[in-house]
Amino acid sequence: MSPVLERHEEARWLSNTWVVAGEEGGPALLVDAGVAPAVVRQTLARHKLELRWILLTHHHFDHSCSATELARETGAQVVAHPREVALFRQDGLVQRVLADSERLDCGRLRVEAMHIPGHTAGQLAFRIEGVGVFTGDTLFKGSVGGTRAPGHTDFADLRCSLMERLLALPDETPVLPGHRLPTTIGEERRSNPFLRVMAGVDPEGDEEAVFDGTPVRLVVWARDYDGGHKAWIRYPDGTDHVVPGSRVRRQPGV
C-alpha cells in the first residue's frame, strides 16, 4: 500500500503542515503544525488515521501554533530538537526530543532526525524512507532559509546544513519544505541560485546595497518562496547572512 502524504498550506504565512502515514487506516504523524486543527482533523478522518506524533522542525509560531490543541485532542506526542524546547511559546509542549541521527517509528514509517542549524539553533529535518526529507525553513524550492530570524545561529551553520547534510542526499530525494511547493535535491542542486553560488558553479555578485541602514554587498539576489526576494549579503567585515529582500535597499535603477 502507498503512504499517505498530504500538504496543507496556511494562507496567512504560506507554511506547510504535512500529514504522513504508512497506509490508510494506520498511525500517522504531522510534520509541523501551522494550519488550523480542523484541517488536520478532517484529513485524519478521511484516511481513518490515528495521530501518534507531531514532529516540529523548529519553534517559530507559523510551524507550531496548532501543536498544543492537536496534541491535547489526539494524545499525540510532540517532538523537537533539544535546543528548541525552551523556545516554544507553550511551556511543556515538547514531550520527546530527537537529536541528530536519532530515529522513531510510526507504523510502517521510519523517521530519522537530521540536525540542520542556521535558521534556528535546533532546526531539524526529518527523513522518512519512501517519502522524502522534510526540510523545515532551511531549504525551499528555489530559495533557502534566513539567518536573522529569532533563535538563529549563523551563515556557516546554514551553509553546512545545506551543502554537507541535505545535498549529500541522493538527487532523487523529494524535498518537502516548510513553505510552499515540494521539489527534489537534484532540482535544487541544479537550479537554486544560493546553492549554485555556494557550490562555486556561479560567481558571487558584487552589487553594493544597504541592509537595515548598513552598507553590504549582494552575493545573491533571488526570488523567495513567497514571490518576494531573498538576499545573501556580506558586511564590510566579511560576515555573511541570508535576509529578507524587503529589508534590502538596492541601487536606484537596478
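Note: the structure precedes this text.
Calculation notes
Note that residues are indexed from 1 along each chain, following the sequence as it is written. Totals for whole chains, interfaces and linings use all residues, but because this is a predicted model, local features are given only for residues with pLDDT of at least 70 and pairs of side-chain atoms are given and counted only at 80 or more. With hydrogens and water excluded, all non-hydrogen atoms of the structure serve as input to the side-chain values. Helix and strand definitions follow DSSP, with helices as H or I runs of at least four residues and strands as E runs of at least two, each counted in order from the N terminus. Note on method: radius of gyration uses C-alpha positions; expected globular size equals 2.2 Å times residues raised to 0.38. Partly exposed describes any residue whose relative accessible area lies between the buried limit of under 20% and the exposed limit of over 50%, with all areas from a 1.4 Å probe on protein chains only and scaled to the type maximum. We call two residues in contact whenever any of their non-hydrogen atoms come within 4.5 Å of each other. Under the convention used here, a 1.4 Å probe and the Shrake-Rupley method define accessible areas, while residue burial counts only the protein chains that appear. Positive residues here are Lys and Arg, negative ones are Asp and Glu, while His and the chain termini are left out of the count. In plain terms, the charge of a residue is placed at NZ if it is Lys, CZ if Arg, CG if Asp and CD if Glu. The axes are straight lines fitted to the C-alpha atoms, using for helices just the contacting stretch, and the angles between their N-to-C directions are given from 0 to 180°. We call two directions roughly parallel when the angle between them is under 35 degrees, roughly antiparallel when it is over 145, roughly perpendicular when it lies between 65 and 115, and oblique otherwise. Crossings are assigned a handedness: left-handed for a near helix turned anticlockwise from the far helix by less than a right angle, right-handed for a clockwise turn. Think of it as three bins: nonpolar holds Ala, Val, Leu, Ile, Met, Phe, Trp, Tyr, Cys and Pro, charged holds Asp, Glu, Lys and Arg, and polar takes everything else, Gly as well. Should DSSP find at least two bridges between two strands, the strands are taken to pair. What counts as a salt bridge is simple: a side-chain nitrogen of Lys or Arg found within 4 Å of a carboxyl oxygen of Asp or Glu.

A. How the structure looks around the overall build of the chain. Each helix and strand in the chain was counted, giving six helices and 19 strands. For the chain, whose C-alpha radius of gyration is 18 Å, the value lies close to the compact-globule estimate of 18 Å for 254 residues. Overall size of the chain, expressed as C-alpha extent along the three principal axes, is 55 × 35 × 30 Å. Taking all 254 residues of the chain together, the buried fraction comes to 53%. In the chain, 54% of the contacts between residues at least 6 apart in sequence involve partners at least 24 apart. Carbon and sulfur atoms make up 49% of the accessible area of the chain, which totals about 10,800 Å². Of the side-chain charges in the chain, 29 are positive and 35 negative, and the distance between the mean point of each set is 2 Å.

B. Representation of the packing of helix α1 (residues 37–47) against helix α3 (residues 67–74) in the model. Interhelical geometry of α1 versus α3 gives an angle of 40 degrees and a closest axis separation of 10 Å. In terms of their interaxial angle, α1 and α3 are classed as oblique. Between α1 and α3 lies a crossing of right-handed hand. Between α1, through Pro37, Val40 and Arg41, and α3, the contact on the second element is made entirely by Glu69, Leu70 and Glu73. Among the residues making up the contact of α1 with α3, the classes are represented as three nonpolar, no polar and three charged.

C. Looking closely at the environment of Cys106. Along the chain, Cys106 turns up in strand β7 (residues 103–106). Considering only alpha carbons, one finds Cys106 and Arg12, 94 residues apart in sequence, at a separation of 30 Å. Not counting residues up to four positions away in its chain, the partners in contact with Cys106 are Pro27, Ala28, Leu29, Arg52 and Trp53.

D. Focus on the sheet that holds strand β18 (residues 240–244). Strand order in the open sheet made by the five strands is β18-β17-β16-β15-β19, with antiparallel pairing throughout. The open sheet is flanked by β18 and β19 (248–249), the only strands paired with a single partner. Looking at chain direction, strand β15 (residues 207–211) and strand β16 (residues 214–223) are connected through five bridges and run antiparallel. Residue pairing in the sheet places Glu207 in a bridge with Leu218 of β16. The strands touched by helix α4 (residues 155–165) within the sheet are β17 (229–234) and β18, with β18 carrying the most contacts at an inclination of about 85 degrees.

E. Examining the pattern of salt bridges more closely. A complete count under the given rule lists 20 salt bridges for this structure. Among the salt bridges present, the one from Arg46 reaches Glu6, with a minimum N-O distance of 2.7 Å. Here the residue Arg46 occupies a position in helix α1, and Glu6 occupies one in strand β1 (residues 4–10), the gap between them amounting to 40 residues. Since its relative accessible area comes to 47%, Arg46 is described here as partly exposed. On the basis of relative accessible area, Glu6 is assigned to the buried category, the value being 17%. Here Asp202 ties to Arg196 by a salt bridge, and the two come within 2.7 Å at their closest N and O atoms.

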